[in-house]
Structures are given as structure tokens and as C-alpha cells.
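Here is what each chain is made of, one letter per residue.
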Amino acid sequence: MGPHPAVAAIRLAVRRVLHDILTDTSRCSRTTGERAGGRIVARLTRPVGDIPEQSPNERPPSPLVLVACSGGADSMALASALAFEAPKLGVRAGGITVDHGLQPGSDLRAEEVVLRLRELGLEPAESITVTVGRDGGPEAAARDARYAALDAAAERHGATAVLLGHTRDDQAETVLLGLARGSGIRSLSGMAAVSGADGRYRRPFLQLDRQTARKACLVQSLPVWDDPHNADPAYTRSRLRHEGLPALEKALGKGVVEALARTAQLSRDDADALDTWASQAEASVRDAAGLLECAKLYALPPAVRRRILRRAAIEAGAPAGSLFARHIEEVDRLITGWRGQGAINLPGKVVAQRQGGRLVIRQG
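Thoughts on the nonpolar core
With 35 residues, the main nonpolar core has Val-14, Leu-18, Leu-82, Leu-163 and Phe-205 as its most contacted residues. Elements with a minimum of two residues in this core: helix H1 (5-32), strand S3 (64-68), helix H2 (73-85), helix H3 (106-119), strand S6 (161-163) and helix H7 (210-219). If you look at the next biggest cluster of nonpolar residues, it comprises 26 residues, including Leu-274, Ala-281, Ala-316 and Leu-334.

Examining the environment of His-4
Relative to the assigned elements, His-4 resides in the segment before H1. When its relative accessible area of 33% is taken as the criterion, His-4 is described as partly exposed. Residues His-4 and Ala-77, 73 residues apart in the sequence, show an inter-C-alpha distance of 13 Å. Every residue in contact with His-4, bar those within four places of it in the chain, is listed here: Lys-215 and Val-219. Side-chain polar atoms of His-4 contact the backbone nitrogen of Ala-6, separated by 3.0 Å.

Structural notes on the environment of Arg-362
By secondary structure assignment, the location of Arg-362 is in strand S12 (residues 358-363). Each C-alpha atom, one on Arg-362 and one on Ala-312, is 8.9 Å from the other, the two residues being 50 residues apart in sequence. Each residue touching Arg-362, except ones within four places of it in the same chain, is listed here: Ala-316, Lys-349, Val-350, Val-351 and Gln-353. At 2.8 Å, the side chain of Arg-362 forms a polar contact with the side chain of Gln-353.

Looking at the sheet that holds strand S9 (residues 292-293)
Hydrogen bonds along the backbone pair up the strands of a sheet, which may run parallel or antiparallel. Strand order in the open sheet formed by four strands is S9-S12-S11-S10, and the pairing between neighbours is antiparallel. Each edge of the sheet is formed by a strand with only one pairing partner; in this case those strands are S9 and strand S10 (344-346). Across the sheet, helix H11 (residues 302-315) is in contact with S9, S10, strand S11 (350-355) and S12; its angle to S12 comes to roughly 35°.

Considerations on the pattern of salt bridges
A pair can form between side chains of opposite charge whenever their charged atoms are brought close. Counted under the stated rule, the structure contains 27 salt bridges. Here Glu-282 ties to Arg-286 by a salt bridge, and the two come within 2.9 Å at their closest N and O atoms. The exposure class of Glu-282 is buried, given its relative accessible area of 10%. Close ionic contact of Glu-330 with Arg-333 constitutes a salt bridge, the shortest N to O distance being 2.4 Å. Of this pair, Glu-330 and Arg-333 are both found in helix H12 (residues 325-336), three residues apart, which corresponds to roughly one turn of the helix.

Brief notes about the packing of H2 against H7
Interaxial distance between H2 and H7 falls to 8 Å at its minimum, and their mutual angle equals 60°. Compared by their axis directions, H2 and H7 come out oblique. The two elements H2 and H7 cross, and the hand of that crossing is left-handed. In contact with Ala-73, Asp-74, Met-76 and Ala-77 of H2, H7 contributes Arg-210, Ala-213, Arg-214, Ala-216 and Cys-217. Grouping the constituent residues of the contact of H2 with H7 by class yields six nonpolar, no polar and three charged.

As for unusual backbone geometry
Trans peptide bonds make up the majority, and among non-glycine residues the majority have a negative phi. At the junction of Glu-123 and Pro-124, the peptide bond is cis and its omega measures out at 5° in the coordinates. Along the chain, Pro-124 falls in the loop between H3 and strand S5 (125-129). Despite not being glycine, Ser-221 shows a phi value in the positive range, around 60°. For Ser-221, the position within the fold is in the loop between H7 and helix H8 (236-252). Looking at Ser-221, the relative accessible area reads 63%, which means it is exposed.

Procedures and definitions
Position labels on residues start from 1 in each chain and follow its written sequence. Reporting in this predicted model follows two pLDDT cut-offs: at least 70 for local features of residues, and 80 or more for side-chain atom pairs to be given and counted; totals over whole chains, interfaces and linings ignore these cut-offs and use all residues. Just so you know, side-chain values use all the structure's heavy atoms and leave hydrogens and water out. Definition used in this section: a nonpolar core is a set of buried Ala, Val, Leu, Ile, Met, Phe, Trp, Tyr and Cys residues joined via side-chain atoms within 4.5 Å. We call a residue buried when its accessible area falls under 20% of the maximum for its residue type, exposed when it is over 50%, and partly exposed in between, using a 1.4 Å probe and counting protein chains only. For helices the rule is a DSSP run of H or I covering at least 4 residues; for strands it is a run of E covering at least 2, with both sets numbered from the N terminus onward. Contact between two residues is taken to exist if any of their heavy atoms lie within 4.5 Å; hydrogens are not considered. Whenever a nitrogen or oxygen atom comes within 3.5 Å of another N or O atom, the pair is scored as a polar contact, on the condition that within protein one atom can donate a hydrogen and the other can accept it, and that pairs from neighbouring residues in sequence are kept only if both atoms are in side chains. At least two DSSP bridges between two strands are needed for those strands to be called paired. An axis is simply a line fitted to the C-alpha atoms; with a helix, the fit covers only the stretch in contact. Between two such axes, the angle follows the N-to-C directions and lies from 0 to 180 degrees. The term salt bridge refers to a side-chain nitrogen of Lys or Arg lying within 4 Å of a carboxyl oxygen of Asp or Glu. Working rule for angles: under 35 degrees goes down as roughly parallel, over 145 as roughly antiparallel, 65 to 115 as roughly perpendicular, anything else as oblique. Helix crossings are classified by the rotation of the near helix relative to the far one: an anticlockwise turn of less than a right angle makes the crossing left-handed, while a clockwise turn makes it right-handed. All residues other than Ala, Val, Leu, Ile, Met, Phe, Trp, Tyr, Cys, Pro, Asp, Glu, Lys and Arg, Gly among them, are scored as polar; the first ten of these are nonpolar and the last four charged.

In C-alpha cells, the structure reads:
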């Protein structure tokens, strides 16, 4: 008799991602390798002293994959599936839990998570304590601190990838949050299955619902911790999860979460295509001095033109996280609604102005 359907589903999702990681690792070693002394030696991204020298006949070490685990149902299910699938594919598996220090006893809870990870056979397994700032609000600040800690852990251990337990429900919430902000298609595309530097972060569960992960923990007798912040109405995502999405399902019927997740994928495909178009078109709208020519920009579709403008503003020093659609729309009016208006001030002390048929974006 095979495993419970929920357990089979999470294991299959992780197995597929591990296969992708192994394929990517193999392809990277082939394309970045250099011939030295009659054999292929991969280029190193870490100091040579960090890696023992290998003999010509020695196999390279197995890739290490870490799971980011809070102790909640989603990440515990992910940790259990990684622990089961990794050894069968010759992959080393470890786990990291991040203590944000935002609740009493969070350090003790982090230690419990580490013990559970080790009981699953994950090694290394460790807890990292972070200090959460205030930039962007509590949710964004906690997220920034968490990813910084995961990046540092991946570098320290030489991990090939870090698995994250975001589910289809999380994806639906992300799409709705982007919609509520009036964001563009890139925001509506939600979370990518692969993201981060060199594709470090992988999200195996984006096609699985939250209930499947919880059921997998239940049938495997895995203890889980429910973060009280996830039920705190002070947080926007919590209100959306417990009030907004249920109201939408009541009004529109079941299937809202699946439809939103599908919208995310379709939006991502469109956004990727438009980004590629903008990259290819940018050289054609610059003059010999590298300045943007307004007439040529005007001839482009708005979605392509605004991507070029956003990229130019970021290159001039505007922080990407502070550059909103309204900023780009104002710059766009220098091209489409020119009436002799003055310069546009952008975040990061960047200024955009029209001069002699050229658009100049620079530090003010």
C-alpha cells in the first residue's frame, strides 16, 4: 500500500524540484567548466581555501539543498518530503529556521524546530536569530530580515538551493495584495517557482493547496506550530486570508484560489515577454550619446516604453522598491503629454526631464 495521497503529492512536488536542481547543476558545471591539466574543473564561486582539493578520480560532493522551516504545516511538510526524497537522488538535505524575535519564547520554539529537523535526518539543521527593522512595515521588514538570513546561510554552507513552503493559497493572497495596490502585471504574477540569485529559491508547493500540506503532516504525525501572527487581524495578509478570500469564495463560488494562482502564471508569462521586448528595444531608442530619444520612445507600446523608463530610473539610482507606477506615469507624460513641464523628482534624488527631444534621467 502506497503513502497517503497528501504525502504522495508533497513528495512528488519535491522530487520534481530536486530533479530540476540536479539538471541545472549539471548544466552549469558543463557550461562554466574550464579545462585544466587534461580534466574539467568547475569555476569556483567561493574562496579556494573553503573547498578541499579533489583528485582527478574523486567525485564532486553531492549538492546541498536547504529547507526554510518555521515549524508551520507548510514548511514541516516540505521538510519531511525533502528528507524522504533527497537521499534517493544523492542530494544532501539540511534545514534552517529563522527566529525573528517578535514573540516571547521564539528562541525556544526555534530550538524545537531544529530538533524536529534533525529527527527527520536533515543536516545541517540550525536556527538563525535576526533583528527585524521597520522599513516598509512589519511584514516587509520581517521578510527582508528572513531572506537576508537565508542568503547568508546558503552561502555559508555552500547550498545549491533553498526550498520555501509557499502554497497555492499563498500565491492567491499575493495576487490579491498586488491587485489591491493597483500594481502592474509583474506584481500580479505573484511568486515565481524559481527566484533569487542563480535560481537559489525554489517553491515546490505553488500548485498544492494549504490543506494538502496540513493533511500530510497529520497522517505522518508531524507536530506543527501555528503562528499567531497568521491569525492577527493587524496584518493585512491575515485579514485577507481569514476574511477577504472566504468572502470572495462565498460570492463567487469555489475555485477562486485556483483561478488566482492561474492568473499569476499567465501574468508572469506576459510580464516576462514584455521585459524581453523592452530589453531588445532599449538600444534602438538611444542616440549615439546613450540618451533616450522621446520620438522613438513615443512610438513604442506603453507597456514596453514604461519598462524602459523604469529601468533607466533604477540605473540612475532610484531604489526599485520605492519606485511606483505613479512615478513612471509622470515620467511617461514627458513623452506622451509634453507641454513644457518641469523636471520630475523621483526617489533616490533622481530627476527626469526633457531636453531638446531627449529624456535625461540622472541624479539631481
